[in-house]
Amino acid sequence: MGLKAQAERIGFQVVGELTRCMDLEPTHLYRCFLDEAQNQFILRRGILTIVSADGRVF
């Protein structure tokens, strides 16, 4: 399942395109992405955590 599909499944919409932000990845186990609204999408071993631009965590 893709990142956008996972986000939509929990009721969060990705705004625009996703850009990978390797400087936000603390170790090789993480993949971090930002969308055009500066929402942060963090994948760790396939588990998605979303930090919205206003600081809410999903």
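Fair warning: this is a prediction, and the values are worked out from it, not measured in the lab.

Draft legend 1. A look at the nonpolar core. Ranked by size, the top nonpolar core spans nine residues in total: Leu3, Ala7, Phe12, Val14, Phe33, Phe41, Leu43, Leu48 and Ile50. Excluding residues within four positions of it along the chain, alanine 7 makes contact with Phe12, Val14, Phe41, Leu48 and Ile50.

Draft legend 2. Up close: the side chain of asparagine 39. Its place among the elements puts asparagine 39 in the loop between β2 (30-34) and β3 (40-44). The buried category is assigned to asparagine 39, whose relative accessible area is 7%. Here asparagine 39 is in contact with Phe12, Val15, Phe33, Leu34, Val51, Ser52 and Ala53, once residues within four sequence places are set aside.

Draft legend 3. Summary view of the packing of aromatic side chains. Using the criterion set out here, one finds two aromatic pairs in the structure. Between the aromatic rings of phenylalanine 12 and phenylalanine 41, the centroid separation amounts to 5.9 Å while the plane-to-plane angle is 75°, which identifies the pairing as edge-to-face. Of the two residues, phenylalanine 12 is situated in the loop between α1 (3-9) and β1 (19-20) and phenylalanine 41 in strand β3; the sequence distance between them amounts to 29 residues. As far as the burial class goes, phenylalanine 12 and phenylalanine 41 line up, both buried.

Rules behind the numbers
Residues numbered from 1 in each chain as written. Predicted model: local features only at pLDDT ≥ 70, side-chain atom pairs only at ≥ 80, totals over all residues. Heavy atoms only, no water. Core = buried A, V, L, I, M, F, W, Y, C linked by side-chain atoms within 4.5 Å. Buried < 20%, exposed > 50% of the residue type's maximum accessible area, 1.4 Å probe, protein only. Contact = heavy atoms within 4.5 Å. Helix = DSSP H or I, 4+ residues; strand = E, 2+ residues; numbered from the N terminus. Phe/Tyr/Trp six-rings, centres within 6.5 Å; stacked < 30°, edge-to-face > 60°.

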